[in-house]
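Spelled out, the chains give:
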Amino acid sequence: MKWIGSLAFLLALATEAFPQDTYREERANMVKYQIENRGVSDKATLAAMRNVQRHLFVPESYRRQAYNDGPLPIGYGQTISQPYIVACMTEVIEPKSGFKVLEIGTGSGYQAAVLAEIVDEVYTVEIVKELGEQAKGRLKKLGYSNVQVKAGDGYYGWEEHGPYDAIIVTAATEYIPPPLVKQLKPGGKMVIPVGSPFLVQTLMLVEKTGNKIKTTSLFPVRFVPFTREGD
Ligand code: SAH
């Protein structure tokens, strides 16, 4: 019977070295039913949503709900956005390899990881220091070496790496921060929820053509508020 023990030992070793992605099927279903069926069609976005292991971006107690059709708490009063919203925001900026993208509101790091699957460089700013640090560690562990995380007030963007091909803001602002518009490349796109905190906001697409700005309302959304240092 000794060989059974050895077999079990080898199996345990293999499981340790190559942890199974037990949520692959749930994730494929999430993409199919919550995202593709609702009209998201960009191939790169769908592939990224299929690849990123969302369950590793939520607190352990919420892991089994990671592929549900809604936002989830991530601590500090913040949330990881609903998968469909992440997909819409990713698709609308038309991400491509070669792109440099700025995200405001790192949170869990999930949206940054989705972007990092597609574009070359992601810069992300988080105002809650602890969340920023957790996200940084998580992204590093998962091998997303093309994401840089900074703690700070994202109102000012991240000027030293700009201008950006696209900007994604994942907290609701009452108006579009001018420094972000400034850090957008001509031809660039920004997606941002605008409106009163705690009420329904509008997801806006901001397009910069030359020095002109065009804004388009997309659809109603609900995001956590954009806070300022000292709030
Ligand atoms: N993109 C995140 C969702 C985060 S929720 C994800 O994929 O998990 C919004 C985040 O924006 C929160 O973590 C909140 O702390 C952060 N935030 C709010 N105001 C901010 C500001 N002024 N600058 C940077 N981050 C901010």
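Above: the structure in question.
On a predicted model such as this, the values are computed, not experimentally measured, just so you know.

Colleague: What am I meant to see in the sheet that holds strand 6 (residues 164-169) here?
Modeller: Consider a sheet: its strands pair through backbone hydrogen bonds, and that pairing is either parallel or antiparallel. Overall, mixed pairing links the seven strands, which are arranged 5-4-3-6-7-8-9 in an open sheet. Both outer strands of the open sheet, strand 5 (147-151) and strand 9 (212-221), are each paired with one neighbouring strand and no more. Ignoring which end each strand starts from, the neighbouring axes of this sheet average 15 degrees apart. Across five bridges, strand 3 (residues 100-104) lies against strand 4 (residues 121-126) in parallel orientation. Pairing of E103 across the sheet is with T124, part of strand 4. Packed onto the sheet, helix 6 (residues 129-141) meets strand 4 and strand 5 and runs at close to 165 degrees relative to strand 5.

Colleague: In this structure, what is going on with the site of the ligand? I would like to understand it.
Modeller: Around the ligand, the surrounding shell holds 25 residues, and the nearest of these are E103, S108, E126, G154 and T227. Here an oxygen atom of the ligand sits 2.6 Å away from a polar atom, N or O, in the side chain of E126. Residue T227 places a main-chain N or O atom 2.6 Å away from a nitrogen atom belonging to the ligand. Protein contacts shield 99% of the accessible area of the ligand, which totals 580 Å² for the unbound molecule. The cavity that encloses the ligand is the largest pocket. Elements represented by at least two residues in the shell around the ligand include exactly strand 2 (78-80), strand 3, helix 5 (110-116) and strand 4.

Colleague: How should I be thinking about helix 2 (residues 24-36) in this particular structure?
Modeller: For an α-helix, the turn length of 3.6 residues means that residues three or four places apart are oriented alike. Turning to helix 2, its buried residues number three or more, namely R27, M30, V31, Q34 and I35. Those residues of helix 2 that are buried are in contact with helix 3 (43-51), helix 4 (83-92) and helix 5.

Colleague: Sorry if this is basic, but what is going on with the side chain of K189 here?
Modeller: Here K189 is to be found in strand 7 (residues 184-194). K189 sits in the buried class, given a relative accessible area of 16%. Non-local contacts of K189, meaning those with residues more than four positions away in its chain, are made with V92, I93, E94, D165, A166, I167, L184, L205, V206 and E207.

Colleague: Whenever I open this one, the nonpolar core confuses me. Can you help?
Modeller: Soluble, globular proteins show a tendency: their nonpolar side chains are buried together. One finds M49, F57, I93, Y110, Y144 and V147 to be the most contacted residues of the largest nonpolar core, which totals 49 residues. Among the elements that take part in this core, helix 4 stands out by supplying seven residues, more than any other. With residues near it in sequence (within four places) discarded, M49 still touches R27, M30, V31, I35, P83, V86, A87, Y110 and V114. Counting 19 residues, the second largest nonpolar core, distinct from the first, contains I104, Y123, A171 and V181.

Rules and cut-offs
Residues numbered from 1 in each chain as written. Predicted model: local features only at pLDDT ≥ 70, side-chain atom pairs only at ≥ 80, totals over all residues. Heavy atoms only, no water. Pairing = 2+ DSSP bridges. Helix = DSSP H or I, 4+ residues; strand = E, 2+ residues; numbered from the N terminus. Axes fitted to C-alpha atoms, helices over the stretch in contact; angles between N-to-C directions. Contact = heavy atoms within 4.5 Å. Near = heavy atom within 4 Å. Polar contact = N/O pair within 3.5 Å; in protein donor to acceptor, adjacent residues only side chain to side chain. Areas by Shrake-Rupley, 256 points an atom, 1.4 Å probe, with all protein chains shown as cover. 1 Å grid on protein atoms, 1.4 Å probe; cavity = no way out; pocket = protein on both sides within 12 Å on 5 of 7 lines; lining within 4 Å. Sits in = over half its atoms within 2 Å of the grid points. Buried < 20%, exposed > 50% of the residue type's maximum accessible area, 1.4 Å probe, protein only. Core = buried A, V, L, I, M, F, W, Y, C linked by side-chain atoms within 4.5 Å.

Honestly, that's just the spatial picture; any functional story needs more than this.
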